[in-house]
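Survey of secondary and tertiary structure
Each chain is listed here by its residues.
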Amino acid sequence: MQIKRLNVSLPSWVFHRKIEVMYLVIGPDGLPKFKDILELGITEQLMNVVSKHVNAYIKEGTLPPHDIMSPILNIADDIFAGKTPTIRSGDYISLQQYAARVG
């Protein structure tokens, strides 16, 4: 199956309420596969932070910083369980705030 470009129109009020409606599921192949198709509210910097800490935890057993420990461990738990990793809205906010601080 070939993925085609998708254009989505949303009313402007949605963007002002973005944090209240965010819920993101990361596919089994990760987000890079969808990079050219969808404009996602995730920065490359945020994805680098998530990838770095999830991989360090899974491969080396290194615990992530306390500020993002819960989101990183939730993602790792999904991976260990063979489920599609999901970033819950509260976790997403924590990750965004951490990425902005270390930026």
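Summary of the structure given here. What you are looking at is a predicted structure, and each value in this text was computed from that prediction instead of being measured. Within every chain, residues take consecutive numbers counted from 1 along the sequence as written. The predicted nature of this model means local features are confined to residues of pLDDT at least 70 and side-chain atom pairs, given and counted, to a pLDDT of 80 or more, with totals for whole chains, interfaces and linings taken over all residues. Each side-chain value is worked out from all heavy atoms of the structure, with water and hydrogens disregarded.

Observations regarding the pattern of salt bridges
When a carboxyl oxygen of Asp or Glu is within 4 Å of a side-chain nitrogen of Lys or Arg, the pair counts as a salt bridge. Evaluation of the coordinates by the stated rule reveals 2 salt bridges. Ionic pairing is found between Asp67 and Arg101, a salt bridge with its closest N-O pair at 2.6 Å. With Asp67 in the loop between α3 (44–60) and α4 (69–80) and Arg101 in helix α5 (residues 89–102), the pair connects residues that are 34 residues apart, well separated along the chain. A relative accessible area of 53% means that Arg101 is categorised as exposed. Close ionic contact of Arg88 with Asp78 constitutes a salt bridge, the shortest N to O distance being 3.9 Å. Taken as a pair, Arg88 in the loop between β2 (86–87) and α5 and Asp78 in helix α4 lie far apart in primary sequence, 10 residues in all. Each residue is placed in one exposure class: buried if its accessible area under a 1.4 Å probe, protein chains only, is under 20% of its type's maximum, exposed if it is over 50%, and partly exposed if it falls in between. Assessed through its relative accessible area of 32%, Arg88 is described here as partly exposed. The helix count covers DSSP runs of H or I at least four residues long, the strand count covers runs of E at least two residues long, and both are numbered beginning at the N terminus.

Some points on the environment of Ile72
Among the structural elements, Ile72 can be located in helix α4. In sequence terms Ile72 and Val49 are 23 residues apart; their C-alpha atoms lie 9.7 Å from each other.

Focus on the nonpolar core
Leu46, Val49, Val50, Val54, Ile68, Ile72, Ile75, Ile87, Tyr92, Leu95, Tyr98 and Ala99 form the largest nonpolar core, which has 12 residues in total. Among the elements of the structure, α3, α4 and α5 are those that each provide at least two residues to this core. Pairs of residues are marked as contacts when any of their non-hydrogen atoms sit within 4.5 Å. When neighbours within four sequence positions are excluded, Ile75 is seen to be in contact with Val50, Val54, Pro85, Thr86 and Ile87. Take the buried residues of types Ala, Val, Leu, Ile, Met, Phe, Trp, Tyr and Cys, join any two whose side-chain atoms come within 4.5 Å, and each joined set is a nonpolar core.

A word on the packing of α4 against α5
The contact between α4 and α5 brings their axes to 8 Å, and the two run at 125°. Classified by the interaxial angle, the pair formed by α4 and α5 is oblique. Relative to α5, α4 is oriented so that their crossing is left-handed. Contact with α4, carried on its side by Ser70, Pro71, Ile72 and Asn74, involves Asp91, Ser94 and Leu95 of α5 and no other residues of that element. For the contact of α4 with α5, a count of residues per class yields 3 nonpolar, 3 polar and 1 charged. Think of each axis as a best-fit line through the C-alpha atoms, taken over the contacting stretch in the case of a helix, with angles from 0 to 180 degrees between the N-to-C directions. For this classification, under 35 degrees means roughly parallel, over 145 means roughly antiparallel, 65 to 115 means roughly perpendicular, and everything else is oblique. Crossings are assigned a handedness: left-handed for a near helix turned anticlockwise from the far helix by less than a right angle, right-handed for a clockwise turn. Just so you know the grouping, Ala, Val, Leu, Ile, Met, Phe, Trp, Tyr, Cys and Pro go in nonpolar, Asp, Glu, Lys and Arg go in charged, and all remaining residues, Gly too, go in polar.

Details of α5
The end-to-end C-alpha distance of α5, which contains 14 residues, comes to 20 Å, matching closely the 20 Å that a straight helix rising 1.5 Å per residue would cover. As for α5, its buried residues are in contact with α3, α4 and β2. Given a helix with a known number of residues, its expected span is that number minus one, times 1.5 Å.

Remarks on the side chain of His53
Here His53 is to be found in helix α3. Classification of His53 by relative accessible area gives buried; the value is 12%.

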